[in-house]
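Inside the fold
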Amino acid sequence: PLNPNPDSRWNTYFKDNEVLLQIDKDVRRLYPDMAFFQRPTDYPCLLILDPQNEFETLRRRVEQTTLKSQTVARNRSGVTNVSSPLKSTPSSLSEYEVLPNGCEAHWEVVERILFIYAKLNPGIAYVQGMNEIVGPLYYTFATDPNSEWKEHAEADTFFCFTNLMSEIRDNFIKSLDDSQCGITYKMEKVYSTLKEKDVELYLKLQEQNIKPQFFAFRWLTLLLSQEFLLPDVIRIWDSLFADDKRFDFLLLVCCAMLTLIRDQLLEGDFTLNMRLLQDYPISDVHLILKKAKELQDSK
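Not measured: the values here are computed from a predicted model.

Remarks on the packing of helix H6 (residues 130-142) against helix H12 (residues 230-242)
Where H6 meets H12, the axes come as close as 10 Å, and the angle between the chain directions of the two elements is 90°. Taken together, the axes of H6 and H12 are roughly perpendicular relative to one another. Within the contact between the two elements, H6 uses Glu132, Ile133, Pro136, Leu137, Tyr139 and Thr140 and H12 uses Leu230, Val233, Ile234 and Trp237. Of the residues contributing to the contact of H6 with H12, the split by class is eight nonpolar, one polar and one charged.

Quick notes on helix H16 (residues 285-297)
With 13 residues, H16 extends 18 Å between its outermost C-alpha atoms, agreeing within 8% with the 18 Å of an ideal straight helix rising 1.5 Å per residue. Of the residues that open H16, the one with a side-chain oxygen 3.1 Å from the backbone nitrogen of His286 is Asp284.

Concerning the pattern of salt bridges
Throughout the structure, instances matching the rule amount to 13 salt bridges. Taking the shortest distance from any N to any O, the salt bridge between Asp26 and Arg29 comes out at 3.0 Å. You can call Asp26 buried: its relative accessible area is 2%. Assessed through its relative accessible area of 41%, Arg29 is described here as partly exposed. Of the charged contacts in the structure, one is a salt bridge between Glu63 and Arg60, with a shortest N-O distance of 3.9 Å. Remark: Arg60 and Glu63 occur in helix H3 (residues 58-68); sequence separation between them is three residues, near one turn of the helix. When its relative accessible area of 42% is taken as the criterion, Arg60 is described as partly exposed. Where salt bridges share partners, they join Glu104, Arg112 and Glu154 into one cluster.

Topic: the layout of surface pockets
Estimates place the volume of the largest pocket at around 560 Å³. Forming the boundary of the largest pocket are 23 residues, of which Ile48, Phe55, Glu56, Thr57 and Leu58 lie nearest the centre. Sorting the residues of the lining of the largest pocket by element identifies helix H2 (46-49), H3 and helix H5 (106-120) as the ones contributing at least two each. Ranked by residues supplied to the lining of the largest pocket, first place goes to H5 with six residues. Taken together, the residues of the lining of the largest pocket break down into nine nonpolar, three polar and 11 charged.

Some words on the packing of aromatic side chains
The tally for this structure, following the rule as stated, stands at 13 aromatic pairs. For the ring pair Phe37 and Tyr138, a centre distance of 6.4 Å and an interplane angle of 40° mean the geometry is tilted. Of the two residues, Phe37 is situated in the loop between helix H1 (9-28) and H2 and Tyr138 in helix H6; the sequence distance between them amounts to 101 residues. The interplanar angle of 85° and the centroid separation of 6.0 Å between the aromatic rings of Trp219 and Tyr280 together place this pair among those described as edge-to-face. Residue Trp219 is located in helix H11 (residues 216-221), and its partner Tyr280 is located in the loop between helix H15 (270-278) and H16; the two are separated by 61 residues in the primary sequence. The two residues Trp219 and Tyr280 agree in class, both being buried. The structure contains a cluster of three or more aromatic residues connected by ring pairs, namely Tyr191, Tyr202, Phe215, Trp219, Phe228 and Tyr280.

Definitions and limits used
- Residues numbered from 1 in each chain as written.
- Predicted model: local features only at pLDDT ≥ 70, side-chain atom pairs only at ≥ 80, totals over all residues.
- Heavy atoms only, no water.
- Axes fitted to C-alpha atoms, helices over the stretch in contact; angles between N-to-C directions.
- Helix = DSSP H or I, 4+ residues; strand = E, 2+ residues; numbered from the N terminus.
- Parallel < 35°, antiparallel > 145°, perpendicular 65-115°, else oblique.
- Contact = heavy atoms within 4.5 Å.
- Nonpolar A, V, L, I, M, F, W, Y, C, P; charged D, E, K, R; others polar.
- Expected span 1.5 Å × (residues − 1).
- Polar contact = N/O pair within 3.5 Å; in protein donor to acceptor, adjacent residues only side chain to side chain.
- Salt bridge = Lys/Arg side-chain N within 4 Å of Asp/Glu carboxyl O.
- Buried < 20%, exposed > 50% of the residue type's maximum accessible area, 1.4 Å probe, protein only.
- 1 Å grid on protein atoms, 1.4 Å probe; cavity = no way out; pocket = protein on both sides within 12 Å on 5 of 7 lines; lining within 4 Å.
- Points joined across faces, edges and corners; volume = space filled by probe spheres on them.
- Phe/Tyr/Trp six-rings, centres within 6.5 Å; stacked < 30°, edge-to-face > 60°.

Next up, the structure:
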């Protein structure tokens, strides 16, 4: 483990652990309002859970890594306290019910998908937010009424996630932000489309100095997965993925979201409008999709 050689197997192990800890933190809080991801899957990975094999589960690897890093603090009277982050961090593993051996929670399956993706794609690895992209895909496969399909939810999710990421990965690469395929260009495109469709609203947002970065960054990178409840996200994605120019349609959906609250935005001040945009008020996604389709047809 102390080998300083960059090609050392241990060096790779420790680097992987950094990525794994970030993934672990994110997937444990995936859709906290739903119990689904905390529940055990009916199809755990038998290869890993078989006691005959020596494979280490990712859960065990995370526990070992976190337990080893301890916080040493000295109080004013000179007494040294050594505490484990597991006990002191509010968002620690102990918050969650630990499943017995031989069981695997749905979030653990998602964790494995993301970790393997990060290993296979070292150029991008794992970026916060990818968990929000994989969540709806996995949920859709893992709740399939046909048990033959449901059994292969992990493999199907990995395949679809890899394909989807090949189309949207540029959004997650910081060095591409200002290029024509980067996220900044796409956010500006939301405003230029809005200017075409509703110049009055566009000017109002410009006048209040409400930049698209303040809200559209999350809308676009996470494909609106944080703005709506999971069933509504799946409904929006149905329309997005069915469209030939799916990510052009996403820009129109963002514009539709803005025009549907235009009266409130035109009346509101900066603070009120920022609150509206960061906590979007309309929950009827059919209304939003209908409006986006109208904007598309009016081109």
